Every structure is written in C-alpha cells, then in structure tokens.
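# Results of the structural survey
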Amino acid sequence: MEWLAGFRDSVGAPDHKTSPIVCFVNPDNSLKYLGGRDDTLAWCRRILSTDSSNDEATVAVPNVDAWNAQHTFDYDLVVIGGGSGGLACSKEAKKAGATKVAVLDYVKPSPLGTKSISMCSSVFTHLVSHVLYIKGSKWGLGGTCVNVGCIPKKLMHYAALLGDYAQESGKFGWQAPTPDTSATTLQHSWDTLRDNVQDHIKGINFGYRVELREQGVTYLNKLGKFVGPNTLEVTDAKGKTATITAARFVIATGGRPTPLSIPGAELAISSDDIFSLPHAPGKTCVIGAGYIALECAGFLAGLKQGAVDVLVRSTPLRTFDQDTVGYVSSHLRDHAGVQLIEGVVPKSIVKLPSGRLSVTFGKAQSTAEDRTEEYDTVLSATGRTPDLQALGLDTLGLTAHPESGKLVTTNEQTTIPHIYAIGDIVHGGLELTPVAILAGKLLARRLFGQGTDLVDYKNIASVVFTPLELGTVGYSEADAIEAFGAENVDAYVSQFVPLEWTLQENPPNCFAKVVIRKTQQRGKDVELVVGIHIASPHASEIVQGYALAMKQGLTMQTLLNETIGIHPTIGEELTLMKVTKSSSASFKKTGC
Ligand code: FAD
Ligand code: NAP
C-alpha cells in the first residue's frame, strides 16, 4: 500500500483506488497514466480506431469488410483505374498474397473529339489551311502521370531549361558549332520534342503492360461501372460489354481537366492535349494560375514558340507561401517573358475567319474593363474534376462529396466496406503521383494481411516546375500563423543568386524560407521547422531531402549548428540562414 500510494502520486493519479492501475511507458521511460480497466479498454479502442479525425488512431483494422478467402467471385480484388495509384495497388496486392487481381484502365478521349482548333505555326500557316482538325487525345496504360502529366511536363520543362542554358553558355566560353551571325536566338522544333516525348511515353505504356503480365495481374482495357455491390459491367472500345465480380474493389479513377463554362469553351485545349499537340502552340493564352497553368506557361515561353499570356483569377499559386511565389512570378514575368494578367477571368472564346482565337477577358463582376486579344492556342488549366457518375456508384448509395465531387474515405475505405479509393479521387487528399502510389501500396498490404501502416498525409513535399522551380513542404508562413498564432511563428529568409548564374548580367534572384514554430522540447526552447519553401533552380531535387528531415522533427538548431552544407550549392543556403523576418534585417545574401 505504501508503494502504491507513492506510485499513484508519481503518475499524477492520487485518487486512483482500484486495481489494475495501468500506465503507458513512453519511449523515454516516463509513464503516462491511462486509468483502470475500463479506461484502458477505451484507450485501446481509440488508438485502434480507423477514424482519421482521431489524432491517437495509429492502426487501421484490416479486414473490416468481412473478407473471406473462400469467396466465389471472379477476383479477390478489382482495381478500377490503371494510373499511378491503381497500378501500384494491383501489383502490391499480388505480392501481398491476393490470388486473382485485375486492373481496369480505359481512357475516354479528351472533349476535342470533333472540334477544330486553330493552326498556329507561322511556317505551316503559309503552306496549308489555317484550320487543322485534331482528334480528342487518347493514351495508353499508366494514367495521367505518365501520359498527360508529370512525365511529359517534366521533359518539356527540361527542354525549355536547355534553351536557357544554351543562351547562357556563351558566357562560359561555348560557341555555336556552325556560327551563324544572323541568328540571335536558338530555334526550337516543337515536332521533334513532341515526337520524342510521345515515343518515350509509348515505351513506358508497353513496360507497364509487361510488368502486369509478369506479376500475374489481369489487365482489362475496359471501362468499369458498378451494376451491383460486387459486380461491374465492363465495356471495351468497340462497345462490347461483359460483367465481372470481385470480393473487393479499389477505385483509382483520378480526374480530368475541369471544363470551362464560357461561350466558346470547346475551342480551348487542356493538359490532356498540349503534350501531343500536332502543331506548335504559337501565341498562347493560359487560363488559370495553379500548378498546371504556370508550369505549361513556363515551358511554352521557354520553347520560344510565341508569346504567352496567363489569365490569373485571383493570385498565382494562391495556396502556396506567397513570399516565395513572388520570386517565381517575377522570374516568369521578367526572365521567361510570360505576361501574368491578374484579377481577370475569361468571358468568351471566338474562332476568327483566320483560324485564330479571340479571347475576351476582364474582371469577374464587371464588363467595364474587358479586353480582347487574339491567340493561336487557348490552354485551360482551372483544376481537375473526377467523373464519379460514370462509375454508377449512386446505384450502390455511395455519393460524392458535394463540393469536390470526390469520394469521402476513412483510411482509404468508403462507407461501403468492401469498396476502397486511392489517389486523386479521394476527397481532401493531395493530387500527387507519389501520394497515390503509397496509398495504393499500403492499402493493398493492409487488405491482404501484410501490414497495418497508414499514409501520413502531413508534410508531403511537392514542386511546381516553373522555370524557377518552387519546392515546398509543410506550412506556408500564413498557414503556420493561423495554426499556431503569430507570437509562436517566425521565418528565416534568404535572397541569393546561385553561383552558376553570377556570370550573367542582372541574374534573377532566388529565395529560401524556413518557417519555424517556437515551442518546447524536453523543457528547452526550440525552433521546430514546420515549413520549407525554395524558389531556385533544382528546388525539386533540394526539397526532397529536407522533407525527410522535417518528418524526423528537424529543428533550426540542427539545421544551423549540426548540419554542414555542401559548398557551393543551392541546397547549402538553408544551412546558412541568419536573418529572421521578425528582425526586419536585410535578407539579401552577399558573398560566399
Ligand atoms: P490517374 O493517374 O489519373 O489514373 C486514373 C486512370 O483511371 C486513368 O487512366 C483513367 O482513364 C482511368 N479510368 C477512369 N475511369 C475509369 C473507369 N470507369 N474504368 C476504367 N478506367 C477508368 N503529380 C506529381 O506528383 N508531380 C508532378 O510533376 C505532376 N505533374 C502533373 C502535371 C499535369 C499536367 C497533371 C494533369 C497532373 C500532374 N500531377 C503531378 C498529378 C498526378 O498526375 C496525379 O496526381 C496522379 O496521376 C493521380 O493518380 P491516380 O492513380 O489517382 O489517377
Ligand atoms: P490548381 O492548382 O487547383 O489551380 C487551379 C487554378 O485555376 C487556380 O489558379 C484557380 O484560381 C484557377 N481557376 C479555377 N477556376 C477558374 C475559372 N473558372 N476561371 C479562371 N480561373 C480559374 O489546379 P491545376 O493547376 O489544374 O492542378 C490540379 C492538381 O494537379 C494540383 O492541385 C496538383 O496537385 C496536381 N499537379 C501537380 C503538379 C506537380 O506536382 N508539379 C503539377 C501539375 C498538377 P484561384 O486561385 O483564383 O482559385
């Protein structure tokens, strides 16, 4: 009793009178008092919960969908959608022990089907008709990322950077192999770039098919639609239908570009079309100012095929750290030559007899200052929307989130226990390839008894591949202030010019920001890093490693006092930051 009295006091439970008295042993051997029998059961239920809104939930309970290995369906698992998430999930399910797995992937052509779009290459316009009819784009296995997303986008981004490098190379002693004194700029062939990019994509499509076959996953190039809780109607390209059944389903159908809703919207192309465009885009109007709009505007301007105007409804990259976005926007404007027209929305697109497109745009609520400009191409990039209706889920009573049109899930499980969802189709998730892949893999392991891990959707790094890349992970400064209070937040900032650019006249500025939360750890004051934002060349490569460090609880003390930089690199700038925003001191770096 003497020992018990002392023990109760030491764990802060002097009033505990019953047996047992249960404590949780923390990693540092300190004890957290849980309570008696009922309290302990309640605690276990909380941490084992699948409710993602519960902070203590750490483990997903597998098999809550009453899985039975002796089922009589055609497949253990059917994955609908063979994109980043669906391919990863179906392959991992086989590895995790599922016997029969199928993945459906079917691409509906982009809405350009029968529409005409203007010709724009100035060379071609003299040779052939002004109007070229293009078919709606369609593509092979692999989904958005490989066919009309990350892969062609990164290659075209690199193509544009190569042009920049070549222009700068004179300062480093390079001369054109056959000097032509009349040519002041490099010439770029859109057709060569597009054909090589498309060939590369076809190689990946083929590789994916081979991989599925080798791993024993059945690939069905068919459109799936639920006609019963465990039954899909599948339709092939010729319209032939059949039904298949499965014990479990994973929906990984992603999204497609959100269509514009203005007169003449059908004259605009989208990211589904740009990477396979049969002709050079020419002078282009980009609608939207998110990831896709600014990335496309950046590489189109870099390829020097024509002027690029961007219609910005509110502000560029609205949800990103705005100080950092400022450097990306300035670079787009001043260096890449993109015109960012802020505070405007498109109002109509009209095809002119010349084949060019006349775009009227202005303030959303007034026509007083509307302007009209002529373009060769209009590229709409105003977000992406899923097509859940086509899946027939409403017949099962599964409805989409009213705002996003996506599926609401808990640990990737919908409200129908044997139907799961991953990737872009998930409400509140991030539309990023690695997120879809990890969600697919971890879900497959959980479903077939090979793991309990959940995706941690916090602190996921991403990069906007604008000519000056924007790498980001964690809170923007504004979001950190909202989350933790202005008095608990500060930011280290640095404006610098990479060594490689110092031979240029008037080189553009780069920028790095580390957002910190002032807090305590083991009784000591620390500056916990809660956000990193970099606008620089290769930001995409730099931010990855720092994201890992943030996952491990990176503090400013570790970054500045324990991490030794690699010199001379852009990555080392983060280890050298001295100036906080609160100090109001100059954050322009001078010297090495
Ligand atoms: P998807 O890859 O979209 O795959 C879904 C597949 O399901 C598609 O093939 C679709 O045709 C098919 N499908 C749909 N309905 C059915 C049905 N009923 N039956 C059968 N099949 C169906 N992310 C990054 O991380 N980095 C980047 O740099 C990046 N760049 C991007 C650039 C662009 C231009 C775009 C558009 C996106 C980019 N993304 C990037 C986002 C990334 O491509 C997506 O997050 C990712 O592809 C989502 O994967 P998913 O598996 O959810 O869906
Ligand atoms: P996004 O980043 O959400 O941006 C949409 C843009 O369109 C915003 O600027 C928005 O303006 C504007 N907009 C929306 N409706 C409009 C309208 N009716 N008229 C004019 N402008 C309008 O979407 P996205 O660029 O299409 O990209 C979709 C997703 O794909 C991204 O969220 C991202 O996850 C993924 N992606 C990732 C990468 C990458 O990782 N590098 C690259 C491309 C895409 P407001 O700001 O005013 O709302």
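Below or above, wherever it landed, is the structure these notes cover. (Residues numbered from 1 in each chain as written. Chains lettered and ligands numbered in written order. Predicted model: local features only at pLDDT ≥ 70, side-chain atom pairs only at ≥ 80, totals over all residues. Heavy atoms only, no water.)

## Observations concerning the packing of helix H6 (residues 150–168) against helix H9 (residues 291–302)
Between H6 and H9, the shortest axis-to-axis distance is 8 Å and the interhelical angle comes to 40 degrees. Put simply, H6 runs oblique to H9. H6 and H9 meet at a crossing whose hand is left-handed. In contact with Lys 153, Met 156, His 157 and Ala 160 of H6, H9 contributes Glu 295, Phe 299 and Gly 302. Here the contact of H6 with H9 is composed, by residue class, of three nonpolar, two polar and two charged. (Axes fitted to C-alpha atoms, helices over the stretch in contact; angles between N-to-C directions. Helix = DSSP H or I, 4+ residues; strand = E, 2+ residues; numbered from the N terminus. Parallel < 35°, antiparallel > 145°, perpendicular 65-115°, else oblique. Left-handed = near helix turned anticlockwise from the far one by under 90°. Contact = heavy atoms within 4.5 Å. Nonpolar A, V, L, I, M, F, W, Y, C, P; charged D, E, K, R; others polar.)

## What to know about the environment of Val 146
Here Val 146 shows up in helix H5 (residues 143–148). Separated by 63 residues in sequence, Val 146 and Gly 83 have C-alpha atoms that sit 8.1 Å apart.

## Observations regarding helix H13 (residues 539–551)
Since one α-helical turn is 3.6 residues long, residues separated by three or four positions face the same way. The end-to-end C-alpha distance of H13 is 18 Å, a good match for the 18 Å that 13 residues give at a rise of 1.5 Å each. Restricting attention to buried positions, one finds in H13 the residues Ala 539, Ser 540, Ile 542, Val 543, Tyr 546, Ala 547 and Met 550. Projection of H13 onto a plane perpendicular to its axis shows the buried side chains occupying an angular sector of 145 degrees, all on one side. In this structure, H13 carries Glu 541, Gln 544 and Leu 548 as exposed residues pointing more than 90 degrees from its buried face. Check the buried side of H13 and you find it contacts strand E21 (462–464), strand E22 (469–474), strand E25 (524–536) and helix H14 (556–562). Positioned one or two residues after H13, Gly 553 has a phi angle of 85 degrees, which is positive. (Expected span 1.5 Å × (residues − 1). Buried < 20%, exposed > 50% of the residue type's maximum accessible area, 1.4 Å probe, protein only. Arc of directions from axis to C-beta.)

## A few points about the sheet that holds strand E16 (residues 357–362)
Taken together, three strands build an open sheet; the order of strands is E15-E16-E17 and the sheet is antiparallel. Edge strands, defined here as strands with exactly one partner in the open sheet, are strand E15 (345–351) and strand E17 (371–375). On average, each strand axis in the sheet is tilted by 25 degrees relative to the strand beside it, whichever way the strands run. (Pairing = 2+ DSSP bridges.)

## Focus on the site of ligand 2
As a structural note, the neighbourhood of ligand 2 is formed by 18 residues, with Glu 295, Ser 314, Arg 318, Glu 431 and Val 463 the closest of them. Within the side chain of Arg 313, an N or O atom sits 2.9 Å from an oxygen atom of ligand 2. In this structure, Ser 314 approaches ligand 2 through a side-chain N or O atom, which is 2.6 Å from an oxygen atom. A breakdown of the residues in the shell around ligand 2 according to their chemical character gives seven nonpolar, five polar and six charged. (Near = heavy atom within 4 Å. Polar contact = N/O pair within 3.5 Å; in protein donor to acceptor, adjacent residues only side chain to side chain.)

## Some words on the site of ligand 1
Every one of the 36 residues lining ligand 1 counts as a neighbour, but Gly 85, Asp 105, Thr 144, Lys 153 and Asp 424 are closest to it. Within the backbone of Gly 85, an N or O atom sits 2.8 Å from an oxygen atom of ligand 1. Residue Glu 431 places a main-chain N or O atom 3.4 Å away from an oxygen atom belonging to ligand 1. Put simply, the parts of the chain that give the shell around ligand 1 at least two residues each are helix H3 (84–95), H5, H6, strand E8 (223–228) and helix H11 (433–447). Among the elements that line the shell around ligand 1, the one with the most residues is H5, at four residues. A breakdown of the residues in the shell around ligand 1 according to their chemical character gives 15 nonpolar, 15 polar and six charged.

## Thoughts on the pairing of strand E10 (residues 241–251)
Buried residues dominate E10, accounting for eight of its 11 residues. Pairing between strand E3 (residues 75–80) and E10: five bridges, direction parallel. Counterpart to Ile 80 in the pairing with E10 is Ile 251. Looking at chain direction, strand E9 (residues 231–235) and E10 are connected through five bridges and run antiparallel. In the sheet register, Leu 232 faces E10, and the bridge partner there is Ile 244.

## A closer look at the sheet that holds E21
Strand order across the open sheet formed by five strands is E21-E22-E25-E24-E23, with antiparallel pairing between neighbours. If you trace the sheet from one side to the other, it starts and ends with E21 and strand E23 (489–496), each paired once. Mean inter-strand twist for the sheet, computed between neighbouring axes without regard to direction, equals 25 degrees. The sheet contact formed by E21 and E22 spans three bridges and is antiparallel. When the bridges of E22 are listed, Ser 462 appears paired with Thr 472. Where helix H10 (residues 322–335) meets the sheet, it contacts E22, E23, strand E24 (510–521) and E25, and its direction lies at approximately 170 degrees from that of E24.

## Brief notes about the nonpolar core
Counting 68 residues, the largest nonpolar core has Val 338, Val 514 and Ile 532 as its most contacted members. With seven residues, the top contributor of residues to this core is H9. Setting aside its immediate chain neighbours within four residues, Val 338 contacts Ala 297, Ala 301, Val 308, Val 310, Leu 332 and Arg 333. Formed by 24 residues, the second largest nonpolar core is a distinct cluster that contains Val 79, Cys 89, Ala 98 and Ala 444. (Core = buried A, V, L, I, M, F, W, Y, C linked by side-chain atoms within 4.5 Å.)

## Quick word on the pattern of salt bridges
Side chains that differ in sign of charge can pair as their charged atoms come close. Taken as a whole and judged by the stated rule, the model has 27 salt bridges. With a closest N to O distance of 3.3 Å, Lys 171 and Glu 505 form a salt bridge. You can see Lys 171 sitting in the loop between H6 and helix H7 (190–214) and its partner Glu 505 sitting in the loop between E23 and E24, a full 334 residues away along the chain. For Arg 356, the salt bridge is made with Glu 374, and the minimal N-O distance between the two is 3.3 Å. Within this pair, whereas Arg 356 is found in the loop between E15 and E16, its partner Glu 374 is found in strand E17, the two being separated by 18 residues in sequence. Here Arg 356 falls in the partly exposed class, since its relative accessible area comes to 24%. (Salt bridge = Lys/Arg side-chain N within 4 Å of Asp/Glu carboxyl O.)

## With respect to the packing of H3 against H7
Remark: H3 packs on H7, axes separated minimally by 10 Å, with the N-to-C direction vectors making an angle of 20 degrees. When the axes of H3 and H7 are compared, the pair comes out roughly parallel. Two packed elements cross with a definite hand, and for H3 against H7 that hand is left-handed. Residues Leu 87, Ser 90 and Lys 91 of H3 lie in contact with H7, whose contacting residues are Tyr 208, Glu 211 and Leu 212. Residues belonging to the contact of H3 with H7 are distributed by class as follows: three nonpolar, one polar and two charged.

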